[in-house]
Amino acid sequence: MAASLQSAVFLSNRIDPHRRLFASPARSLPGTKGSILVVRSDGRISGRLSGRNLITNAVATKADTPTSSTDSKPGHELLLFEALREGLEEEMDRDPRVCVMGEDVGHYGGSYKVTKGLAPKYGDLRVLDTPIAENSFTGMGIGAAMTGLRPVIEGMNMGFLLLAYNQISNNCGMLHYTSGGQFKIPVVIRGPGGVGRQLGAEHSQRLESYFQSIPGLQMVACSTPYNAKGLMKAAIRSDNPVVLFEHVLLYNLKERIPDEEYVLCLEEAEMVRPGEHVTILTYSRMRYHVMQAAKTLVNKGYDPEVIDIRSLKPFDLYTIGNSVKKTHRVLIVEECMRTGGIGSSLRAAIIDNFWDYLDAPIMCLSSQDVPTPYAGTLEEWTVVQPAQIVAAVEQLCQ
Amino acid sequence: MSRLPWYMYRKEWYTSVPDGLQRPRLTQKSNSDDLLQREVSFNCPDLLRRNLTVAELGLSPVAGRAGPRRSQGTGSSPSDRGGFLHESQTPRAVGDTGGRRGGVRALKFVGEVVLEPCRGIAVEFLSLTDRGDDPEMFGPEDPNWKFGSEPTITVETSVPFTGHKIDPPSRSVETTPSELLSFFREMSLMRRMEIAADSLYKSKLIRGFCHLYDGQEAVAIGLETSITKKDAIITAYRDHCIYLARGGTLVEAFSELMGRRAGCSKGKGGSMHFYKKDSGFFGGHGIVGAQVPLGCGLAFAQKYLKEGTVTFSLYGDGAANQGQLFEALNISALWDLPAILVCENNHYGMGTAEWRAAKSPAYYKRGDYVPGLKVDGMDVLAVKQAAKFAKEYALKNGPMILEMDTYRYHGHSMSDPGSTYRTRDEISGVRQERDPIERVRKLIFSHELATASELKDIEKEVRKEVDDAIAEAKESPMPDPSELFTNVFVKGFGVEVSRNTCMSFGADRKEVKAILP
């Protein structure tokens, strides 16, 4: 019973571009009662509303409490891009210094509709349409942040931010250090990346690996509407520059999220599915491939523990470490390239810290080191497929 | 009763004392019978502590100078001749040996400043913060307001301004004796500092990159004269003198160059990363041209926050060919940002002459739809006029480009001799004909504001000041090893050094999360 509920919830979140997911009519911002809920990744709640029933996990876990499944569904349902918008809107209401700059974010409403409706509400000075000049408008956002504004810089596609790499690396990441702490750069740089549906090589880039060694930068990747909104809010509130990685294919995910205002922790990983046999570390879109493989694995008798690492820099070695200590086997599934990707750094970090707890070499499944081809079948095999994940787990657990 | 000195009978001395002095936050002690001892002190929290009282300064009553030089003057330095505060000048305490940064004895504590309104002595505050908080403090907003009656000197710039899509301002610039003397002192200080940095580099106390600004001092001083500390300046790596002009001290500058803890960026930035947040100096950037979008972002923030201030983004003739500059200019023009792009055209982009790097070396015209002005950058008064004009324009109409025609005597940096791509005759020719300090010296002589020996005294003092600062900077220690990890992130990241591992940052970090505001 619980399992079918779990799979039902899972299926509704599965990516299926052909299925039209109709969003519930756009709700106005839920009236916050002035309470902030801090929800930890393991579901613990701190704040004044600890007693309330709340769906704290994005994907139903095995240990589903009976109460949450029979709730009269508190919260509201929305798509991931709407969740991002809600988070952005709440932060813009809360702090007048938050502004958005990017291409087509204003009058057009955003190329993925994340900023739709914000320009009429906040005006042209807070939701800024820029010309196609990533290098300079990223630089301008950073310059504005030096004086205390909190810009949210959107790259229409993460790949375009390569043009702004100099500004992100040298000015954004390093100014706090080279000025001896005088300036802080509270920017959020966000945009969709990742392999989409036959978008071509240049529009399917994963920039996590390029940004990860910039000192001074924090990186997070969202995967569900729940953590998208929470991470967006946290990123805007953070005084450090944060790069928020979204994924082109995840924008239409639908989920029910709480009405109350909540902010997630930028550095924590999320426990998607507790388990015993193997730890699978993943983020962004690969989470769904992993969950799909998990179904197969469960049927085959394995019990994978799935962790969505969310924070790509710095890694949440606390959660990961506890998991490794429990299961002793690690599989990393990522969409980044094999060479120099997040997986390789994570592997190094786990080996450095948890070597004694490992029973098997860490396996890392990542995208192939090729430019993403246009042809559908080829593109499918550039990224990791659930079948490969199943095979890898089986190999690990021998 | 004994006859008071002649200047105390001049009403305008007293009536021109600004209301700011009577404000409650200033504590005022006055000996009513002796106005010479009137001392106004206040607390400036953010300052280096310097406490100069009249007694310590050893000041004695001297004749103020309201006109041609009088023989009554007993002081030996030009400032004794009567310097007055100009609205745009940052006030500071001056001893009878003159000098901007006090250089004098009895440097003690925090932020008390002596104001000697009736004495014809220029008193300058060391507090930029204070000045920034309350710009009316020493006078009304009128930039021509004079503290006391000092004559205006009108000088015509030697080269007229050339405008692109704009009517250039007039060639006649107004100035005052104290301003000219302060120009002389400031520029000598900068020149001396750069030359001292040269010798420090050669004795390997400064390493890495060291880009010297001598020859270009007029740009820094001229800009500073026309703006307030709330206006922002951002520049590239040739930033030592602009840092000084914005209120940085010599000790901080030299310490940063030598990588010591007392440096403005705590020794972690180096020559190319001088910053001074409280006086609107945003650096200090190593990548050519990258500071221009940052500067336009500063202007955007100023417009967003409705501050009524402008940003000057300085770049060189080499950076003028960067694409991001034109992108930023386009956005600034679209959004009407108060951004002024100042091209310090010293005619050489490292080793490449401008005619070899730019098809169109008329950098003031390169903005196309954005108006531009070409200014003789070796003439401090021309720069002052242009900056004032540009600020008025930018606040109303949006961005503008200023091209400063200037020259650097040193090579691009210390590793460049500077003579492989230009002749020594050229360098010495410019030094003879266009040197900014010499020009001010000639002006001072022609208006009889000081004698040659007085100016020499100033130069000697400046030299001593620089030497003292170097000595003090040398004593500052190197940063602590734990400083390697501080300030990477804000709020506590990466600061802990665990006992087991020397690297505590990144994956090994102990602190898992921070509390958000």
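Structure shown above.
Small disclaimer: the values here were computed from a predicted structure and weren't measured. (Residues numbered from 1 in each chain as written. Chains lettered and ligands numbered in written order. Predicted model: local features only at pLDDT ≥ 70, side-chain atom pairs only at ≥ 80, totals over all residues. Heavy atoms only, no water.)

Chemist: Account for the pairing of strand β3 (residues 153–156) of chain B, with residues named and values stated.
Modeler: Residue and element names in this part refer to chain B. Alternating residues of β3 divide into Ile 153 and Val 155, all buried, and Thr 154 and Glu 156, none buried. Across 4 bridges, the pairing between β3 and strand β5 (residues 172–175) is antiparallel. Bridge pairing in β5 places Val 155 opposite Val 173. (Buried < 20%, exposed > 50% of the residue type's maximum accessible area, 1.4 Å probe, protein only. Helix = DSSP H or I, 4+ residues; strand = E, 2+ residues; numbered from the N terminus. Pairing = 2+ DSSP bridges.)

Chemist: Requested: an account of the packing of aromatic side chains, with residues and values cited.
Modeler: Between two aromatic rings, the relevant description is the distance of the centres plus the angle of the planes. For the structure on display, the rule yields 13 aromatic pairs over all chains. Relative to Phe 211 of chain A, the ring of Tyr 165 of chain A has its centre 5.4 Å away and its plane inclined at 20°; by these criteria the two rings are stacked. Within this pair, whereas Tyr 165 of chain A is found in helix α6 (residues 165–173), its partner Phe 211 of chain A is found in helix α8 (residues 208–211), the two being separated by 46 residues in sequence. Tyr 165 of chain A sits in the partly exposed class, given a relative accessible area of 26%. What makes Phe 211 of chain A buried here is its relative accessible area of 0%. Ring centres of Phe 183 of chain A and Phe 282 of chain B lie 5.1 Å apart, and the angle between their planes is 25°; this geometry places the pair in the stacked category. Residue Phe 183 of chain A is found in the loop between α7 (175–178) and β7 (188–193), and its partner Phe 282 of chain B is found in the loop between α7 (250–257) and α8 (291–304); the two belong to separate chains. For Phe 282 of chain B, a relative accessible area of 7% translates into the label buried. (Phe/Tyr/Trp six-rings, centres within 6.5 Å; stacked < 30°, edge-to-face > 60°.)

Chemist: I'd like a rundown of helix α12 (residues 342–354) of chain A, residues and numbers included.
Modeler: Residues and elements named next belong to chain A. End to end, α12 covers 18 Å across 13 residues, agreeing with the expected 18 Å (1.5 Å per residue, within 8%). Of all the residues in α12, the buried ones are Ile 342, Gly 343, Leu 346, Ala 349, Ile 350 and Phe 354. The arc that holds every buried residue of α12, seen down its axis, measures 125°, which confines them to one face. (Expected span 1.5 Å × (residues − 1). Arc of directions from axis to C-beta.)

Chemist: Residues and numbers for the nonpolar core, please.
Modeler: Residues Phe 211 and Ile 350 of chain A together with Phe 300 of chain B are the most contacted members of the largest nonpolar core, which totals 78 residues. Sorting elements by how many residues they give to this core places α8 of chain B first, with 8 residues. The residues touching Phe 300 of chain B, leaving out its near neighbours within four places in the chain, are Cys 99, Met 101, Leu 125, Leu 128, Met 140, Ala 144 and Leu 149 of chain A together with Trp 335 and Leu 337 of chain B. Phe 184, Ile 221, Ile 233 and Ala 469 of chain B belong to the second-largest nonpolar core, a separate cluster that totals 75 residues. (Core = buried A, V, L, I, M, F, W, Y, C linked by side-chain atoms within 4.5 Å. Contact = heavy atoms within 4.5 Å.)

Geometry only, nothing functional implied.
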